[in-house]
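# Fold and geometry: a report
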Amino acid sequence: MIEINGKILCDGCFKELDKESECSCGFSGNYANSLQSGMIINGRFIVGKQVRESDTVKEYLCYDPQKSDTVLIKEFFPKMLVSRNGDNSVQIKDADDLTAYNSLMQRFIELMQIPQRLSSDCFIKVENAFYENNTAYFVIKNHSQLTVREYIESGKKISDKQAVLSLSLAVKGLCELKENGFVNSKISDRNVYIDDDGIVADVFETDQYDLAHHMKESVAFGKTSFYMSAYDFAKKEKDISSDIFSFGAVLYTMLTAKQPQSPFKAEAQFDKTALENSTSEKRLVKIIEKMCRIDGQKYESLSSLVKDINRLSRRYGFEKIKISSALEETNKTKNNGKTIKIVIALLFVILVVAAGFIFADKLPFFRDVDIPSLSEIFSKCLTFIKSKFSGGLL
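Residues numbered from 1 in each chain as written. Predicted model: local features only at pLDDT ≥ 70, side-chain atom pairs only at ≥ 80, totals over all residues. Heavy atoms only, no water.

Another aspect to go through is unusual backbone geometry. Look at Phe 14: it is not a glycine, yet its phi comes out positive at around 70°. In this fold, Phe 14 is placed in the loop between β2 (7–9) and β3 (40–41). Assessed through its relative accessible area of 7%, Phe 14 is described here as buried. Residues other than glycine seldom take positive phi values, yet Ser 68 does so here, at roughly 55°. (Helix = DSSP H or I, 4+ residues; strand = E, 2+ residues; numbered from the N terminus. Buried < 20%, exposed > 50% of the residue type's maximum accessible area, 1.4 Å probe, protein only.)

Listed below in structure tokens is the structure:
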């Protein structure tokens, strides 16, 4: 317990207590390599309990006497590279890793600053930042949401309405990312937060992907690789399709309480039956299957995903997602290029078939070929065109 402004507070969660009572939060001490509870950082914030951590970031519940309220503070702490001294400062384990550490910290700082340039409510904004103890700290609002993993582990079930709202909000955020030239490519059940109303996506925290990229240790991918497709996992440059797949995989986890696959497997594996049995909203199942590329389906653009989501969201009265004209133009340009390729391929097929009809009796090659009728050819061509140009779910 600690005393602040004449009040007795729990030194873990800062709940006000009677002098003789114990806090129900169960805080009993610090985690290994964590900041000591009760210490003051940046000359202002009182450190409480550690609430969560990844391979590169520790997150603490802290108290801000200036606002008489709690905040969350993220500490850059790549545990593969560093340890903590007795004075709570961060120390590099191996001098050879100094360059990797500085590079990772710079990456962490850049990523934490990105939400400030975005207007969407899907992204947690930084309220304060400082450098201390040989590392970087970022202060964010203390939100009540749990990560998807924490939410499911607490025994709560995610409803159809929650899942649809989460999908709508997340894709709205992805649109803004795309419009501003960003791509995330590391969404997982550990950095998407959910409550009973919807989600707030903390999608800019560095994690194992960054460590593996800098240290060339594939083992570092462990916990998050199965929220990326094998194709995206191998790509050097990620694009928006990576984010679509990753959030589709998170939605799969939301509904089924299962992760897509075991760590270290190359290809994402989904239990299609479990997904179909998890919800009565069949359109949602179809969207998730297409986001996760189940049975060979795939969204060719962000705009085609938005169209399907808007159709589904209308049933729940959710706000329609709007795509900027610039993003629409990008998708049109991409589709126009694909259209030209398809037309050229069809013209080539028609020329070959026409040659078959003309020279069937003159060239030995065509005598042994079973040439289909014109109606069969047109039927197959129409089927092919429909499969390529269907913007939404048919």
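Having seen the structure, we can now continue with the description.
Judged by how many residues are buried, helix α8 (residues 282–291) sits mostly within the fold: seven of 10 residues are covered. Residues of α8 that are buried include every one of Leu 284, Val 285, Ile 287, Ile 288, Glu 289, Lys 290 and Met 291, and no others. In the segment just after α8, Arg 293 is the residue with positive phi, at about 60°.

The next thing to look at is the pattern of salt bridges. It is possible for side chains of opposite charge to pair when their charged atoms get near one another. Within the structure shown, the criterion is met by 13 salt bridges. A salt bridge links Lys 74 to Glu 59; its shortest N-O distance comes to 2.8 Å. Residue Lys 74 is located in strand β6 (residues 69–76), and its partner Glu 59 is located in strand β5 (residues 57–64); the two are separated by 15 residues in the primary sequence. Neither residue differs from the other here; Lys 74 and Glu 59 are each classed as buried. With its nearest N and O atoms 2.7 Å apart, the salt bridge here joins Glu 75 to Arg 84. Considered together, Glu 75 and Arg 84 belong to a single accessibility category, that of buried residues. A network of salt bridges, in which partner residues are shared, links Arg 52, Glu 59, Lys 74 and Glu 150. (Salt bridge = Lys/Arg side-chain N within 4 Å of Asp/Glu carboxyl O.)

Bringing the confidence of the model for the chain into the picture now. Per-residue confidence for the chain gives a mean pLDDT of 75; residues scoring 70 or more make up 71%. When mean pLDDT is taken per element in the chain, β3 scores highest with 94 and helix α4 (residues 208–215) scores lowest with 35. Note that pLDDT drops below 50 for residues 204–223; the model gives that stretch 55 contacts with residues more than four away or on any other chain. Counted against residues more than four places away or in other chains, residues 329–333, with its pLDDT under 50, gives three contacts. (pLDDT = per-residue confidence, 0-100. Contact = heavy atoms within 4.5 Å.)

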